[in-house]
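What follows is each chain in one-letter form.
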Amino acid sequence: MRIDIVSIFPSYFDGLTLSLLGRAQDSGLLQLRTHDLRDWTHDRHRTVDDTPYGGGAGMVMKPEPWAQALDALTANAEQHPTIIFPSPAGEVFTQEKARELASTQHLIFGCGRYEGIDERVFDYASSLGSVRLMSLGDYVLNGGEVASMAMIEAIVRLIPGVVGNPDSLVEESHEDGLLEYPSYTKPSTWRDRPVPEVLLSGNHAAIAAWRREQQWERTRTRRPDLIDGAASDQ
Ligand code: ADE
């Protein structure tokens with residue numbers, strides 16, 4: 001998979017060379033490049049923003065640097081890319097969407113700042129790829145950088161071969177619409193807190209049933225909004 005990130009703070013993404021994402025790049029499963037949006041400006045101050053038409057607070061990102069960035073990143077692309085603009089006004093990013101995006105060949109993340117990007121950029125971008133505005137959730141971040149990092153990590157770990165033991169992907173939260181069951185390790189009693197008896201029993205069927213019940217119980221109490229979807233998945 002190829003991932004291009006466009007941002008006015010490319011150094012935000014330095015951390016993506018670490019750990020699992022670093023190994024995915026070293027092994028050739030992932031080609032990740034970050035780009036400074038200001039490289040596509042042509043004035044002395046490398047200006048990327050301007051005042052909003054119609055007035056209002058804050059500044060809006062100018063369309064032309066974005067168009068030139070997207071032109072450059074799609075010019076020799078072999079595949080029709082998916083162009084993701086993180087935005088609190090977008091569709092909510094979920095594990096299911098991470099899975100869908102993990103099967104694509106080329107993703108471009110466009111990280112907006114200030115009050116957002118000139119709306120015409122999204123229309124222009126749809127002439128170059130499939131455009132998705134995606135939100136991490138119902139809260140506002142300062143820009144798309146942290147949201148892009150979260151989405152990239154969620155997507156890349158689902159590319160076959162990136163996570164060493166694929167079984168660990170099957171049993172985690174959200175994979176079957178329920179939250180993950182609780183985990184314990186040694187010692188069997190720690191600071192007066194014993195591990196649930198059943199986990200020491202060696203009875204695999206009983207353990208599986210207990211874990212399933214824990215998944216349902218946690219989901220019911222912590223995330224009742226997930227229950228309808230999970231019930232229809234069973
Ligand atoms: N940019 C600002 N807030 C955001 C959010 N909640 N999700 C994605 N991108 C954002």
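This text follows the structure it describes.
Here is what the cut-offs are and how they apply
- Each chain carries its own residue numbering, running from 1 in the written order of its sequence.
- Where local features are concerned, this predicted model is filtered to residues with pLDDT of at least 70; where side-chain atom pairs are given and counted, the filter is 80 or more; whole-chain, interface and lining totals use all residues.
- The basis for the side-chain values is all heavy atoms of the structure; hydrogens and waters are excluded.
- For the purposes of this entry, the term helix denotes a DSSP run of H or I that reaches at least four residues, the term strand denotes a run of E that reaches at least two, and both are numbered from the N terminus.
- A 1.4 Å probe rolled over the protein chains alone gives each residue an accessible area, and that area as a share of the maximum for its type sets the label: buried under 20%, exposed over 50%, partly exposed in between.
- Here, residues are in contact when the closest pair of their heavy atoms is within 4.5 Å.
- In these tables, accessible area is a Shrake-Rupley quantity obtained with a 1.4 Å probe, and a residue counts as shielded only by the protein chains included in the view.
- Under the convention used here, Asp and Glu are negative, Lys and Arg are positive, and both His and the chain ends fall outside the count.
- Charge placement uses NZ in Lys and CZ in Arg. For Asp and Glu, CG and CD serve respectively.
- If a single non-hydrogen atom of a residue is within 4 Å of a molecule or strand, that residue counts as near it.
- Within 3.5 Å is the distance limit for a polar contact, defined as a pair of N or O atoms, with the added protein rule that one can donate a hydrogen and the other accept it, and that residues adjacent in sequence qualify only through two side-chain atoms.
- Definition of nonpolar core: a set of buried residues of the types Ala, Val, Leu, Ile, Met, Phe, Trp, Tyr and Cys, connected through side-chain atoms within 4.5 Å.
- Here, any two strands with at least 2 DSSP bridges between them count as paired.
- Where helices are involved, their axes are fitted lines through C-alpha atoms of the stretch in contact, as for all axes, and angles between N-to-C directions lie from 0 to 180°.
- Criterion for a salt bridge: a side-chain nitrogen of Lys or Arg within 4 Å of a carboxyl oxygen of Asp or Glu.

## Describing the overall build of the protein chain
Point 1. Across its full length, the protein chain holds 8 helices and 9 strands.
Point 2. Expressed along its principal axes, the backbone C-alpha trace of the protein chain runs to roughly 70 × 40 × 35 Å.
Point 3. Taking all 234 residues of the protein chain together, the buried fraction comes to 40%.
Point 4. Partitioning the contacts of the protein chain with sequence separation of at least 6, the portion at a separation of at least 24 is 74%.
Point 5. About 13600 Å² of surface is accessible on the protein chain, with carbon and sulfur atoms providing 50% of the total.
Point 6. Charge separation in the protein chain, taken as the distance between the mean sites of 22 positive and 34 negative side-chain charges, equals 5 Å.

## Brief notes about the site of the ligand
Point 1. Inspection of the region around the ligand gives Pro 86, Ser 87, Pro 88, Met 134, Ser 135, Leu 136, Gly 137, Tyr 139, Val 140, Leu 141, Gly 143 and Ala 147 as its neighbouring residues.
Point 2. Separating a nitrogen atom of the ligand from a backbone N or O atom of Leu 136 is a distance of 2.9 Å.
Point 3. Between Tyr 139 and the ligand, the recorded distance is 2.7 Å, taken from a backbone N or O atom to a nitrogen atom.
Point 4. Its free accessible area being 260 Å², the ligand has 97% of it covered by the protein chains.
Point 5. Contributing elements (two or more residues each) for the shell around the ligand: strand 5 (82-92) and strand 7 (130-135).
Point 6. Take the shell around the ligand: its biggest share by element is 3 residues, from strand 5.

## Quick look at the nonpolar core
Point 1. Residues Ile 3, Ile 5, Phe 109, Ile 152, Ile 155 and Val 156 are the most contacted members of the largest nonpolar core, which totals 29 residues.
Point 2. Breaking this core down by element, the ones donating at least two residues are strand 1 (2-7), helix 1 (19-26), helix 3 (95-102), strand 6 (106-110) and helix 5 (144-156).
Point 3. The element that contributes the greatest number of residues to this core is helix 5, accounting for 6 residues.
Point 4. Ignoring sequence-local partners within four residues, the contact set of Val 156 consists of Ile 3, Leu 21, Ala 24, Leu 30 and Val 162.
Point 5. The next biggest cluster of nonpolar side chains, apart from the first, holds 18 residues, and it includes Val 48, Met 61, Trp 66 and Phe 85.

## As for the sheet that holds strand 5
Point 1. Taking strand neighbours across the sheet as the criterion, the 5 strands line up as 2-1-6-5-7 in an open arrangement whose pairing is parallel. Sheet topology places strand 2 (31-36) and strand 7 at the edges, where each strand pairs with a single neighbour. The mean inter-strand angle of the sheet, taken between neighbouring strand axes irrespective of direction, is 30°.
Point 2. Strand direction decides the pairing type here: strand 5 and strand 7, joined by 7 bridges, are parallel. Across the sheet, residue Ile 83 finds its bridge partner in strand 7, namely Val 131.
Point 3. The strands touched by helix 3 are strand 5, strand 6 and strand 7; relative to strand 7, the strand with the most contacts, the crossing angle is about 150°.

## A word on unusual backbone geometry
Point 1. Cis rather than trans, the peptide bond between Lys 186 and Pro 187 has omega equal to 5°.
Point 2. Relative to the assigned elements, Pro 187 resides in the loop between helix 6 (167-170) and strand 8 (189-190).
Point 3. Positioned with a positive phi, Ser 19 is a non-glycine residue whose angle comes to about 55°.
Point 4. Looking at where Ser 19 falls in the secondary structure, it is placed in helix 1.
Point 5. Unlike most non-glycine residues, Asp 192 shows phi in positive territory, near 70°.
Point 6. Within the secondary structure, Asp 192 is located in the loop between strand 8 and strand 9 (193-194).

## Regarding the pattern of salt bridges
Side chains that differ in sign of charge can pair as their charged atoms come close.
Point 1. According to the stated counting rule, one finds 13 salt bridges in the structure shown.
Point 2. Put simply, Lys 97 and Glu 91 hold a salt bridge, and the shortest N to O gap is 3.1 Å.
Point 3. Here Glu 91 falls in the partly exposed class, since its relative accessible area comes to 29%.
Point 4. Among the ionic pairs, Glu 91 bridges to Arg 132, the shortest N-O distance being 2.7 Å. Residue Glu 91 is located in strand 5, and its partner Arg 132 is located in strand 7; the two are separated by 41 residues in the primary sequence.

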